[in-house]
Amino acid sequence: MSTSPGRRGHVTGLPEWDRCAVMGVVNVTPDSFSDGGRWFDTTAAVKHGLDLVAQGADLIDVGGESTRPGATRVDEDEELKRVIPVVQGLSSEGVAVSVDTMRASVAERSLATGASLVNDVSGGLADPAMIPVVAAAGAPFVVMHWRGFLEGGNVKGTYEDVVSEVVAELHARVEAVIEGGIAPERIVVDPGLGFSKEAAHDLKLLAHLEELRALGHPLLVAASRKRFLGHVLAGDQGAPPPARERDAATAAVSAIAAHQGAWAVRVHEVRATADAVRVARAVEGAQ
Ligand code: PMM
């Protein structure tokens, strides 16, 4: 394994890091499964983002709509009201901001307000205006593996071979996104852990990140506090610990992902992951 940035890839339009980058999550939602709405307030959300940067986050992912299974969609005005002031507050402090949205209008306003990356869990499928907006802005774009909205449970989560199917579906989506005008060197791919996937699928994907990296785009891994970690920690009989008690497990995934060449990891609790990616970098440097 080489230690060059080429191993992880670089996203045109974003800073370059010599290790796996840490994306800290700021959910500006009253119903986020992991934050419980604590940051549903612009000032608190901006402060939380700055705290995450102080703890070692390289970029901050701001989202105003929960994507957890069963969550109802917020309307566009409400999403804009939640997200834009926080993007503005963090960008004006010099923080690299990513916007987690499925709406073109929110992406467009966020980019105009200083965001430097659009993170769309639907990979542009939820809003037909998304790809043209991101292409016109020349912004970097995260293409996550997505099989549709999860209302009513974990629908569409059936796979014969999860790794090859996720790789093939992501490949097709990336082609469509490029066709839509987004430059290949601005595309990040993400396996979408927990989205139409059971714990076994998530673990299988984490065991095969190499095959996702073979898509030829920087890889984002977002395991933070997800159900599959609760499942692993609970063991066969036990009850899964609540989301907030999955941060040590999350940091373990960060180390595994960084070691396998992930470009970035997206986490709620930054401190432990910031250490994990630095340790992974040091190990890499010793090879
Ligand atoms: N998961 C969530 C939200 N945004 N973005 C990307 N790129 N990948 C993910 O897996 C992802 C995401 C859901 O988790 P949250 O409610 O903790 O933000």
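Residues numbered from 1 in each chain as written. Predicted model: local features only at pLDDT ≥ 70, side-chain atom pairs only at ≥ 80, totals over all residues. Heavy atoms only, no water.

The protein is annotated in an unreviewed UniProt entry as Dihydropteroate synthase of Streptomyces sp. NBC_00119. Listed in UniProt under the heading Pathway (unreviewed entry), the comment for the protein reads: "Cofactor biosynthesis; tetrahydrofolate biosynthesis; 7,8-dihydrofolate from 2-amino-4-hydroxy-6-hydroxymethyl-7,8-dihydropteridine diphosphate and 4-aminobenzoate: step 1/2." Per UniProt, the protein has the following entry under Catalytic activity (unreviewed entry): "(7,8-dihydropterin-6-yl)methyl diphosphate + 4-aminobenzoate = 7,8-dihydropteroate + diphosphate". (UniProt positions renumbered as here; feature names shortened; annotations may be inferred.)

The next thing to look at is the sheet that holds strand β3 (residues 97–100). By way of backbone hydrogen bonds, the strands of a sheet pair with one another, either parallel or antiparallel. Within the open sheet, the 8 strands sit side by side as β6-β5-β4-β3-β2-β1-β8-β7. Their pairing is parallel. Edge positions in the sheet fall to β6 (187–190) and β7 (220–221), since each of these pairs with one other strand and no more. Bridge count between strand β1 (residues 21–27) and strand β2 (residues 59–63): 5 bridges; the pairing is parallel. Bridge pairing in β2 places Gly 24 opposite Ile 60. (Pairing = 2+ DSSP bridges. Helix = DSSP H or I, 4+ residues; strand = E, 2+ residues; numbered from the N terminus.)

Moving on to the pattern of salt bridges. Using the criterion set out here, one finds 15 salt bridges in the structure. The partner of Asp 51 in a salt bridge is Lys 47, with the nearest N and O atoms 2.8 Å apart. Of this pair, Asp 51 and Lys 47 both sit in helix α1 (residues 42–54), 4 residues apart, roughly one helical turn. A single salt-bridge network, built from bridges that share partners, covers Glu 65, Arg 73, Glu 79 and Arg 103. (Salt bridge = Lys/Arg side-chain N within 4 Å of Asp/Glu carboxyl O.)

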